[in-house]
Each structure stands twice: as structure tokens, then as C-alpha cells.
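# Notes for the structure review
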Amino acid sequence: MGVGPGTAVSSPGAIAPQVLAADLGTSGMKLALVGADGRLVGWESEPVDLVILPGGGAEQTPAQWWEAFGRCALRLAAKHPEHYAAVTTVCCSTQGEGTIPVDANGEALTDCVLWMDMRGAPNLRRQFGGRPSVNGMAASRYASWIRLTGGAPSPTGKDPAAHMLWVRDELPEVYERTAVFLNVLDYLNLRLTGRAVATVDSILTSWVTDNRNPGRVAYDPGLVAGSGIDADKLPEIVACTDVIGTLTGAAAEHLGLPASVQVVAGAIDVTAAAIGAGTVANGDCHLYLGTSSWIAGHVPAKKTDVVHSIASVPCALPDRYLMIALQATAGGNLDWLRDNVVGAGDPLVAADLRGEFFAASDQIVPTVPAGSNGVIYTPWIYGERAPVDDLALRAGLFNVSLHNTRADLLRAVFEGIALNTRWLLRPVNRFLPAPVNSIRLVGGGARSDSWTQILADVLGVPVHRVAQPVAANARGAGLIGAIGVGAITASDVPGLVEVADVHEPDPGVRAVYDEAFSTFVDLHRRLAPLYRKLAKRG
């Protein structure tokens, strides 16, 4: 289902203006040529290194992102020279909630502190603590965050509000040299244009903006003053569809493009995927399955569910908000299974090296009945964000016996992620004006036929798998770029995104999954206190 290198899907005839659309995720850089009709002409990708550090640290090197960007661009140019020559716009989508301190010369002072990084949690509590408290932070501050921003800092420390405080307190020399703190998207835009800006969605999890008018997001002086971060270290805010400049000479040379090419601000991955999935109408939702996972959909008003960590926040559409319900780790569980359980000599590892992991899995998973012969997997391998915000939670395989096989364990991991999504869907349905009666599926996990069917069966709703699902973020960036330069409007987007197939729920397995889901929720209830005890000992 995914588009591969060299795939040509453009229509014949004159070549329309192209957007060079970047999708920088945790696993790597993906780069595509996207026309204003939503068609992808070519696709290149390159992995980037993830460094896991003691104490909850997770980092990547910004220079490696930029190098991968250039190499992917040059390969695209070589394979599709006519379309590459038609590039008029660059627009990026990236992982969110990363933090890079940048000096006055535009140089990164450290590696990027990623969305997975929890080292700033103690710094966050020290900065914002008080009684009475909510999630370890003063209730008065919490009320202001919810009222103005729609959300609040995660007590896990996995967002820029905590990252910046960690830099301030643990790396004071770096903090002093920092001219501006940038998110991942903002850093790429700096390399492209020389301009340091944040978009309305990339700045969100710094928790310093007034978001009550989606078309006029701005810093709130009180929130900035209380953040513990100097105001002059925060970037200018722009809309996702703003043209922020043209390529610098260095960027033009790096990408093999004219310096006249315009750069549209773009969006973080959650925002871009909503456009790339074609879910623009209010209440239409998509499920993204990547390293992490989320359910998202546009809504007309700002709203927050504090208990379940769900909020509607500024996005690429200036007259709307995007409801986001984020799960910490989805496909990351499969990476763990591949690397640490099946072993280097396993055929699944060899298939993964060839880019065929899901094809190989689809030969194995259907051989196991629904319910994985009694095995249940809880996919909290790096804590959880929603419907509970708890960094202490951990993954587990339950009810494993001598009779269970490798295939049972593989299916259990697929089912466990689906059960976790069903757990999240309950508060999502209460958040939306009407419950979800179907959902679009995008992301790398959507390449699996068996996982797509498991999701339909577990969630109990039809799953509409978008064509070229791996390209959703890049397509979203391309469409945002096209909107930014006036080639299309937001209302055009649904008609530009094709659905490849629809997976209907199988009523024959509903009882099995209802029982599994009841057990799954009960496991969380019983185990959460134990995980917290174990975390304190660790």
C-alpha cells in the first residue's frame, strides 16, 4: 500500500507546480513531490539515529536531519528531474514537542531533546509546584493554562515546557548562549529560510500562548512570565499556511533548487496528518499509526478534557481547532518486539531490513484466532499520554503459557495496541459532538492488512484506509504548502485524498474482543499502582 522510491502516480500532460514536502518523524526523513491535486510523484526516505539516554533521555542530532533532507532531495531530483524542476514551494511536517536551543548564529547548541524525553519532569515540578496541586503543579497555574491554551504541561516532562527548564537548570551555560528555543519544525524552517519562527501548533506545548482565537494565537504575558524562560528566547509565531520566506543561498544549494522557491511554515505531524488524511470536516477523525499513535479530528471550538488528556488546539485551519488524543507508543512496540524478542536471525528482522515487515506479519497474524489464544499485551512501553497521563506505566505480556507461540505473541502486540486505541476512543466519543462511526487510517502501521482488520474488529467501526498511508504527513505538508501559496483552498482537500479500501468489523469476533477489552482495562486498574511503586524504586 505504501508508495515506494521511484513510484510515479502523476497524471500525464503538463507538469503542475510541485511542493517539496518533508515529513521528519522519529524514525527518519521522508521527502515527496506533491502536486496541488494531492498526487505524489516521487518518494525518498532515510533513517535518522535515535539516542536513548539514562534517566529518561531521548535525543537526535539536528545536523543529521538536514543532511538526510539534502540527500533525499538530490535522489528525488535525479529520479524525477522534470517534476523537481517544477518545485515552487517547500513545506515541512515534523515530529512535535522537541526542543533545540539555538545560538545567535542559528547554530544548534545541543542535540534535540525529543518528545520522548522525560528528564525535565523534576524541573517542571520545581517551577510550577504549589498547593493545592493538579498533576504535581499548582492548581492556579493549571486553571490559567486550561483557560488560555486549552491544555497544560505534561507531568511526564515530555514537552518543550519541561525541556527548556531542563536546559535552563542542568545546562546553564547553554541556556545563557541560547538566542531562541525552536521545535523540530521551526529548526528546519530556520535552515531553509534563515528565519526563526514557530507555528501556532509547534509553539503549543511550550504552554505560553493565548489560543482562544484560532486565527490570532499570541503569547500571553502572564504565562510567559511564569514559564521560567526569558521572553526573548521565544520565537515569533506564524500561521501554518504563512509564506515565511524563500530559500537561503545555502539551502538552495543544499536542495538543488532556485533561491526563489517559497517556504510555507508547515505543521507538526498531528496537524499535517489531519490534512493528509482528508479529515477536514468537523467531527471527521483519523487514526495515525506510527512510532506513536493518535486519534485526531477538526472541531469548531476550543475544549479540554483534563482527566483524559484530550484537547482541541490550534492547527493548520485558522477557523478551526484540532482535537488530539495522543498515545505514547504504538509501532514502537513492534520495534521492541523485533529487536529484543524475535532476535537477529528471525525472518521478521530480515523482512524488516527489506521494508517488508508488515507483509511478513500479515502471513503470520491471520494464523492465530482473535484473542491471541488468551495472550494480552499492554503497549505502555514508554509510559502513556492519553487516556491517562502516566510515565510509570510499562508494557507487559499476560497469560503466556507453554502452549503459546511466537505467532500468538505477535498478534497479541497488534491487538494490544488496538485495545489501547479502543480505550482512548471512549473519551474521544464523549469529547466530539457525535460518536465516531467510522475512522480513516494513515501512517506506517496502515500497511498491514491484518492490523487494519484487527482495528476494525476491536474498535467496532469501519476503518477507511487512505491510499498511500505512509505518505499522509508528506501529503498533508504538500497540501498545506499548496494552500499557503493560494493553489488550493482547505475545502478542496477532502476531494484530493483517495481512500484505498474499507475494512468492516467482523461481528463474529465482537464477543472475543469485548471480553479482551474488559480485561485490558482491568489490568490497567490493578497494575497502575504497582508500576508507580516500581518507578519509585527505580
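About the thresholds
Residues numbered from 1 in each chain as written. Predicted model: local features only at pLDDT ≥ 70, side-chain atom pairs only at ≥ 80, totals over all residues. Heavy atoms only, no water. Helix = DSSP H or I, 4+ residues; strand = E, 2+ residues; numbered from the N terminus. Rg over C-alpha atoms; globule rule 2.2 N^0.38 Å. Buried < 20%, exposed > 50% of the residue type's maximum accessible area, 1.4 Å probe, protein only. Areas by Shrake-Rupley, 256 points an atom, 1.4 Å probe, with all protein chains shown as cover. Lys, Arg positive; Asp, Glu negative; His and termini not counted. Charge placed at Lys NZ, Arg CZ, Asp CG, Glu CD. Core = buried A, V, L, I, M, F, W, Y, C linked by side-chain atoms within 4.5 Å. Contact = heavy atoms within 4.5 Å. Salt bridge = Lys/Arg side-chain N within 4 Å of Asp/Glu carboxyl O. Axes fitted to C-alpha atoms, helices over the stretch in contact; angles between N-to-C directions. Nonpolar A, V, L, I, M, F, W, Y, C, P; charged D, E, K, R; others polar. Pairing = 2+ DSSP bridges. Phe/Tyr/Trp six-rings, centres within 6.5 Å; stacked < 30°, edge-to-face > 60°. Lys NZ or Arg CZ within 6 Å of the ring centre and 35° of its normal. Expected span 1.5 Å × (residues − 1). Bend = angle between axes of the 7 residues up to and from the residue. Polar contact = N/O pair within 3.5 Å; in protein donor to acceptor, adjacent residues only side chain to side chain. pLDDT = per-residue confidence, 0-100.

Our focus in this paragraph is the overall build of the protein chain. The helix and strand inventory of the protein chain stands at 17 helices and 27 strands. Taken over the C-alpha trace, the protein chain has a radius of gyration of 22 Å; the compact-globule value for 538 residues is 24 Å, and the two agree within 12%. Projected onto its principal axes, the C-alpha coordinates of the protein chain cover approximately 65 × 65 × 45 Å. By residue count, 60% of the 538 residues in the protein chain fall in the buried class. Accessible surface, the protein chain: about 19700 Å² in total, of which carbon and sulfur atoms supply 53%. Looking at charge distribution, the protein chain has the averaged site of its 42 positive side-chain charges lying 7 Å from that of its 52 negative ones.

Looking now at the nonpolar core. Ranked by internal contacts, the top residues of the largest apolar core, which has 73 residues, are W145, I275, I480 and V493. Here the element with the most residues in this core is helix α16 (residues 472–484); it accounts for seven residues. Beyond its immediate stretch of four places on either side in the chain, I480 contacts C91, C240, T241, V264, G266, A267, A272, I275 and A316.

Omega for the peptide link from R131 to P132 comes to -5°, which places this bond in the cis form. Position of P132 among the secondary structure elements: in the loop between α3 (121–128) and β9 (133–134). The step from A386 to P387 runs through a cis peptide bond, and the omega angle for that step is 10°. At S309, a position not held by glycine, the phi torsion is positive, near 55°. Overall, S309 belongs to the partly exposed group, its relative accessible area being 29%. Within the chain, S372 stands out as a residue other than glycine whose phi angle is a positive 55°.

Tallied over the entire structure, the rule returns 22 salt bridges. Put simply, R212 and D210 hold a salt bridge, and the shortest N to O gap is 2.7 Å. What makes R212 partly exposed here is its relative accessible area of 46%. The closest approach of N and O atoms between D514 and R422, which form a salt bridge, is 2.8 Å. Of this pair, D514 sits in helix α17 (residues 510–537) while R422 is found in helix α14 (residues 406–431), placing the two residues 92 residues apart along the sequence. A relative accessible area of 30% means that D514 is categorised as partly exposed.

Here we take up the packing of helix α13 (residues 357–364) against helix α15 (residues 449–459). To describe two helices that pack against each other, one gives the angle between their axes and the distance between the axes. Two elements in contact, α13 and α15, have axes separated by 7 Å at closest approach and are oriented at 65°. Across the interface between the two elements, F358, S361 and D362 from α13 touch D449, S450 and W451 from α15. In terms of residue class, the contact of α13 with α15 is built from two nonpolar, two polar and two charged.

What follows deals with the pairing of strand β6 (residues 87–94). Among the eight residues that make up β6, seven are buried, leaving the element largely enclosed by the rest of the structure. As paired strands, β6 and strand β17 (residues 262–268) are joined by five bridges and run parallel to one another. The residue of β17 that forms the bridge with T94 is I268.

One open sheet holds the eight strands; their spatial order is β20-β21-β22-β19-β18-β25-β26-β27, and the pairing between them is mixed. In this open sheet, the two edge strands, each paired with only one partner strand, are β20 (304–305) and β27 (499–503). Sheet topology note: the strand β18 (residues 285–289)/strand β25 (residues 439–442) ladder contains three bridges and is parallel. Paired with Y288 across the strands is V442, a residue of β25.

Looking now at the packing of aromatic side chains. What the rule picks out here adds up to 13 aromatic pairs. Between F357 and F358 the ring centres are 5.5 Å apart and the planes differ by 80°, which places this aromatic pair in the edge-to-face class. Judged by centre distance (4.8 Å) and plane angle (85°), the rings of F414 and W451 are edge-to-face. Within this pair, whereas F414 is found in helix α14, its partner W451 is found in helix α15, the two being separated by 37 residues in sequence. Take F414 and W451: they sit in the same class, and that class is buried. Through pairs of rings, three or more aromatic residues link up here, namely F357, F358, F414 and W451. In this structure, K233 is placed above the aromatic ring of Y175, and the distance from its NZ or CZ to the ring centre is 4.8 Å.

What follows is about α14. Taking 1.5 Å as the rise per residue, α14 with 26 residues should run 38 Å; its terminal C-alpha atoms sit 38 Å apart, in good agreement. The principal kink in α14, of about 30°, is found at L425, preceding the proline P427 by one to four residues. Within α14, 22 of the 26 residues are buried, leaving the element largely enclosed by the surrounding structure.

On the secondary structure map, E44 appears in strand β3 (residues 40–47). Among the polar contacts made by the side chain of E44, one reaches the side chain of K79 at a distance of 2.8 Å.

All right, on to the confidence of the model for the protein chain then. Mean pLDDT over the protein chain works out to 92, with 95% of the residues at or above the 70 mark. Confidence drops under pLDDT 50 across residues 1–12; counting only partners more than four residues distant or on other chains, this segment forms 32 contacts.

The next subject is the sheet that holds β6. One open sheet accounts for six strands, arranged β3-β2-β1-β6-β17-β16; its pairing is mixed. Here the strands that pair on one side only, and so sit at the sheet edges, are β3 and β16 (243–246). Ignoring which end each strand starts from, the neighbouring axes of this sheet average 20° apart. Relative to β3, strand β2 (residues 28–35) is paired through seven bridges, and the arrangement is antiparallel. Across the sheet, residue V34 finds its bridge partner in β3, namely L40. Helix-sheet contacts for helix α7 (residues 184–193) involve β1 (18–24), β2, β6, β16 and β17, and the interaxial angle to β17 is about 170°.

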